[in-house]
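Descriptive structure summary
Residues per chain are reported as follows:
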Amino acid sequence: MRPGWTVRLLLACAAALFLVCERVQAQPVDARLADAVAWYTGVAGRVDDARAHALLLEAVESGDALSRMWLARCHSRGRMNFARDSALAVRIATEVIDEIERRAASGVLEAVFLMGTARDEGLGRPIDAVAAAAWYRRAAERGHVLAQHNLGNAYEAGRGVIQNDSLAVRWWRLGTMYEAGRGVPQDLEEARRWYGEAAARGLARARDALDRIGRR
């Protein structure tokens, strides 16, 4: 084969691979899974675990790997009103983890986040705090809310990363950090703002915090 044709073939293959990866990355999350996560996190306007539970079960029925991995995540810690069952969580995760990792490598954001969970909680992969933080960072930098929260937790606890309160605030700007002045100057007004946003999403602890600092 002539050199010119070799170069053209390589370029064509590279272009084809790029298009495939772009299509994989653009694959939407099952709408029912997206809604379940929105109700679970409060992004939908308030927290509603019962509604999130029902929506996730509907998504799982389709056989979607992301939904099944989320089910494993829920059973791992008893999230979304699912019974805590570590053995069941590991069994479900083991069935889908290879597919989740393939999607994560292709850039599917939810899969990137779920790989963080897999490494954080031992779901289909050995627990590795450093790897978990790395996966969470990849998802956090692309705007994944739960990944940002979990990465903030990692920085606060020094789990898989060097403990750093300032970076915890960067990724997880909770009112508690501003109330206590940890990692940032103490600022009760800023604390009230973040507690207010959380309370508006139905978080009882945030409402309690607002009542507490309101008396100061």
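The written sequence of each chain sets the order in which its residues are numbered from 1. Per-residue local features of the predicted model are confined to residues with pLDDT of at least 70, and side-chain atom pairs are confined, for both listing and counting, to 80 or more; whole-chain, interface and lining totals are unaffected and use all residues. Excluded from the side-chain calculations are hydrogens and water; all other atoms, namely the structure's heavy atoms, are used.

Helix and strand counts for the protein stand at 12 helices and zero strands. The helix count covers DSSP runs of H or I at least four residues long, the strand count covers runs of E at least two residues long, and both are numbered beginning at the N terminus. The order of α-helices and β-strands along the protein, N terminus first, is α-α-α-α-α-α-α-α-α-α-α-α. Per-residue accessibility, obtained with a 1.4 Å probe over protein chains only, is compared with the maximum for each type, and a residue is labelled buried under 20%, exposed over 50%, and partly exposed between these values. For the protein, buried positions account for 40% of its 216 residues. Here a residue-residue contact requires only that any non-hydrogen atoms of the pair lie within 4.5 Å. Within the protein, counting contacts between residues at least 6 apart in sequence, those at least 24 apart form 47% of the total. Within the structure as shown, the protein displays about 11,600 Å² of accessible surface, and the carbon and sulfur contribution to it stands at 55%. Computed with a 1.4 Å probe, the accessible areas rest on the Shrake-Rupley method; for each residue, only the protein chains presented here act as cover.

A word on the pattern of salt bridges. Definition used for salt bridges: Asp or Glu carboxyl oxygen within 4 Å of a side-chain nitrogen of Lys or Arg. For the structure shown, the criterion picks out 13 salt bridges. Linking Asp-98 and Arg-125 is a salt bridge whose minimum nitrogen-to-oxygen distance equals 2.9 Å. Taken together, the residues span a long stretch of sequence, with Asp-98 in helix H5 (residues 86–105) and Arg-125 in the loop between helix H6 (109–121) and helix H7 (129–140) at a distance of 27 residues. Across the pair Glu-99 and Arg-102 runs a salt bridge, and its minimum N-O distance is 2.9 Å. A residue pair is termed a helical-turn pair when its members lie 3 or 4 positions apart in one helix, as Glu-99 and Arg-102 do in helix H5 at three residues. Judged by relative accessible area, which is 26%, Glu-99 ranks as partly exposed. Salt bridges linked by common partners bring Asp-64, Glu-99, Arg-102 and Arg-103 together as one network.

Residue position: Gly-116 is located in helix H6. Given a relative accessible area of 0%, Gly-116 falls into the buried group. The spatial distance from the C-alpha of Gly-116 to the C-alpha of Ile-127 is 9.9 Å, given a sequence separation of 11 residues.

A 1.4 Å probe that fits into a set of points on a 1 Å grid over the protein atoms alone but cannot get out defines a cavity; an open set with protein on both sides within 12 Å along at least five of seven lines defines a pocket, and lining residues are those with an atom within 4 Å of a point. Grid points are joined across faces, edges and corners, and a volume is the space filled by probe spheres set on the points. One number sums up the size of the second largest pocket: a volume of about 250 Å³. Val-37, Leu-109, Glu-110, His-144 and Val-145 are, among the 15 residues lining the second largest pocket, the residues nearest its centre. Sorting the residues of the lining of the second largest pocket by element identifies helix H2 (31–41), H6 and helix H8 (145–157) as the ones contributing at least two each.

With that settled, consider the environment of Glu-179. Of note, Glu-179 is situated in helix H10 (residues 175–180). Glu-179 sits 10 residues away from Glu-189 along the chain, and the two C-alpha atoms are 8.6 Å apart. Counted as a polar contact is a pair of N or O atoms within 3.5 Å, where, for protein atoms, one must be capable of donating a hydrogen and the other of accepting one, and residues adjacent in sequence contribute only when both atoms are in side chains. Side-chain polar atoms of Glu-179 contact the side chain of Arg-212, separated by 2.6 Å.

Structural measurements only, silent on function.
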